[in-house]
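# Descriptive structure summary
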Amino acid sequence: MELKTPLYDAHVKAGGKIVPFGGYLLPVQYEAGVIKEHMAVRTQAGLFDVSHMGEVLCEGKDALANIQMILTNNFDNMVDGQARYSPMCNEHGGTVDDLIVYKHSDDHYFIVVNAANKDKDYQWMLNHQFGEVKFTDVSAQYAQLALQGPKAMDILRKLTAEENIPQKYYHAVFDTEVAGIPCIISKTGYTGEDGVELYLPSEYAEKMWDTLLENGKEEGLIPCGLGARDTLRMEAAMPLYGHEMDDDVSPLETGLGFAVKMKKDDFIGKKALEEHAELTRKRVGLEVIGRGIIREHQDVYADGKVIGHTTSGTKGPFIDKAVGMALLETDYTDVGTKLQVDVRGRMIDVQVVALPFYKRAK
Amino acid sequence: MELRAELKYSKSHEWIKEDGDVSVIGLTDYAQSELGDLVFINLPEVGDEVTVGEAFADVESVKAVSDVFSPVSGVVTEINEELLDAPESINEAPYDAWFVKVGEVKETEELLDADAYKAFVESEEA
């Protein structure tokens, strides 16, 4: 059975079209529709309920040593409040999940994981923990809202003091407040736009949701569903677990080498990644040349043979192009390479293009 | 949900206008609202045969692909080429955005009038 986030009733009231996702009932869109919601985030602001995401605390004298071993990125040089993205690998170098680690303080880290992987991840952490450490699944206690778009910070500034707002990307302020509601303010997101994500006690979720929407009216803030979340992350070429990566795809193949620190003494999966340092396949961006839209799980052809498959695909509403991502044999991954995708029996011409498809002007 | 009294409807959510021996086919207002923003459409070609209950076109929203089924068997005599460049017009004015005209109609499935279609949609939603 699917769970409801603390905002389920608010979504229904706002005209959300509810679908099951990652074990939760969430709105795929509201009355505005996916395209308008997408454009609001690119040009004004959008508000997302992402309370389905999981949160795990890692505490204790050996907390840092544990995350250094369990995750591929390096965490020994972080300041309090800093956030860092990382894959979590299995022994074969495949990806258990991708997640964000926040350093609250020495011996205290806050880890945010994908909804669909929450139980798997937590079990993985428990199975690999060592020394003096305690992992705690606190997902049920937290709601998460994402306020995203060029006007997002203007809206936030109306509701909290400047010193409560993290100044830099991938930094957070813990134990703060917005409109008097206790929360963590994190300058992160999954849209390719400026903005923040707020973590707060579940019981305040609806109050925060209503307060933000009310105070963001002038800036054009509207609620946005999972549909826009997916098209926004696609344009920004942010990988999604279960699409661009899974237990059998390594983070190097997904193009996440920046978050895999091979110079670290050791981490789970390091040996396997070293053994396969020469990649046979990797993630690329594809753009449709003619008419048509590519989707996930479609075969990609070169010279009449299958050389990989698409992992995501859609029509990007802001870039106004049909694009996708694919995992292809490395011989066919140069920008400009012409390929074909089998779209339900029709061959569609595509070419390899540089990622991301969309990058905001700074 | 907007309905037109002069049209007939299929249970797979197409509308049909019987115009002499030609059937004009499109997607209902209910269907477009369920599908969401449409961004792409595939239509058959003039001269193609269509068959009752079989897909003759597909429409794509940003999220998904959906087949459009033919309520009649016959031969495509005309397609609405404007839709190819402007699939959003199906969302904006579903009863003006016809997909195809079908002639030589040999068979038509049992169609609903506006009231019966409305009752059908409500029963599906319940």
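Before reading further, recall that the structure is shown in the block above.
Below is a short write-up of the structure.

About the criteria used
Residues numbered from 1 in each chain as written. Chains lettered and ligands numbered in written order. Predicted model: local features only at pLDDT ≥ 70, side-chain atom pairs only at ≥ 80, totals over all residues. Heavy atoms only, no water. Helix = DSSP H or I, 4+ residues; strand = E, 2+ residues; numbered from the N terminus. Buried < 20%, exposed > 50% of the residue type's maximum accessible area, 1.4 Å probe, protein only. Contact = heavy atoms within 4.5 Å. Areas by Shrake-Rupley, 256 points an atom, 1.4 Å probe, with all protein chains shown as cover. Lys, Arg positive; Asp, Glu negative; His and termini not counted. Charge placed at Lys NZ, Arg CZ, Asp CG, Glu CD. Core = buried A, V, L, I, M, F, W, Y, C linked by side-chain atoms within 4.5 Å. Pairing = 2+ DSSP bridges. Axes fitted to C-alpha atoms, helices over the stretch in contact; angles between N-to-C directions. Parallel < 35°, antiparallel > 145°, perpendicular 65-115°, else oblique. Left-handed = near helix turned anticlockwise from the far one by under 90°. Disulfide = S-S within 2.5 Å. Arc of directions from axis to C-beta.

## Details of the overall build of chain A
Within chain A, the secondary structure is distributed over 8 helices and 20 strands. Overall, chain A is about 60 × 50 × 45 Å in size when its C-alpha atoms are taken along their principal axes. Per-residue burial for chain A yields a buried fraction of 59% across its 362 residues. Put simply, 65% of the contacts in chain A that link residues at least 6 apart link residues at least 24 apart. Accessible surface for chain A amounts to roughly 15000 Å². Of this, 50% is attributable to carbon and sulfur atoms. Taking the 39 positively charged and 55 negatively charged side chains of chain A as two groups, their mean positions are separated by 5 Å.

## Here we look at the nonpolar core
Residues and elements named next belong to chain A. Ranked by internal contacts, the top residues of the largest apolar core, which has 27 residues, are Leu 147, Met 208 and Leu 212. At the level of elements, strand S10 (142-148), helix H5 (152-159), strand S12 (181-186), strand S13 (195-201) and helix H6 (205-215) are the ones that each hand at least two residues to this core. The residues touching Met 208, leaving out its near neighbours within four places in the chain, are Leu 145, Val 178, Ile 181, Cys 183, Leu 198 and Leu 200. Membership of the second largest hydrophobic core comes to 25 residues, among which are Tyr 85, Ala 146, Cys 224 and Ala 259.

## Points about the sheet that holds strand S3 (residues 24-29) of chain A
Residue and element names in this part refer to chain A. In space, the 3 strands of this open sheet follow the order S1-S3-S2, with mixed pairing throughout. If you trace the sheet from one side to the other, it starts and ends with strand S1 (3-4) and strand S2 (17-21), each paired once. The sheet contact formed by S2 and S3 spans 5 bridges and is antiparallel. Among the inter-strand pairings, Lys 17 is bridged to a residue of S3, identified as Gln 29. Most of the contacts of helix H7 (residues 226-235) go to S3, to which it runs at about 70 degrees, and overall it touches S2 and S3.

## Some thoughts on the packing of helix H2 (residues 34-43) of chain A against H7(A)
The axes of two packed helices give the description: the angle between them and the distance between them. Residues and elements named next belong to chain A. Packing of H2 against H7 brings their axes to within 8 Å, and their N-to-C directions diverge by 55 degrees. By the angle class used here, H2 and H7 are oblique. For the pair H2 and H7, the sense of crossing is right-handed. Residues Val 34, Glu 37, His 38, Val 41 and Arg 42 of H2 form the contact with H7, whose own contacting residues are Gly 227, Ala 228, Thr 231, Leu 232 and Glu 235.

## Some points on the state of the cysteines
All names here are of chain A. With the rule as written, the count across this model stands at 0 disulfides over all chains. Between Cys 58, a free cysteine, and Cys 89, which holds the nearest cysteine sulfur, the sulfur-to-sulfur gap is 18 Å. Cys 224 provides the cysteine sulfur closest to Cys 183, a residue in no disulfide bond, and the two sulfurs are 20 Å apart.

## Overview of helix H4 (residues 118-128) of chain A
Residues and elements named next belong to chain A. Taken residue by residue, H4 has Lys 118, Asp 121, Trp 124 and Met 125 as its buried positions. Looking straight down H4, one finds its buried side chains confined to an arc of 130 degrees; they lie on one side. Across H4 from its buried face, at more than 90 degrees, point the exposed residues Asp 119 and Asn 127.

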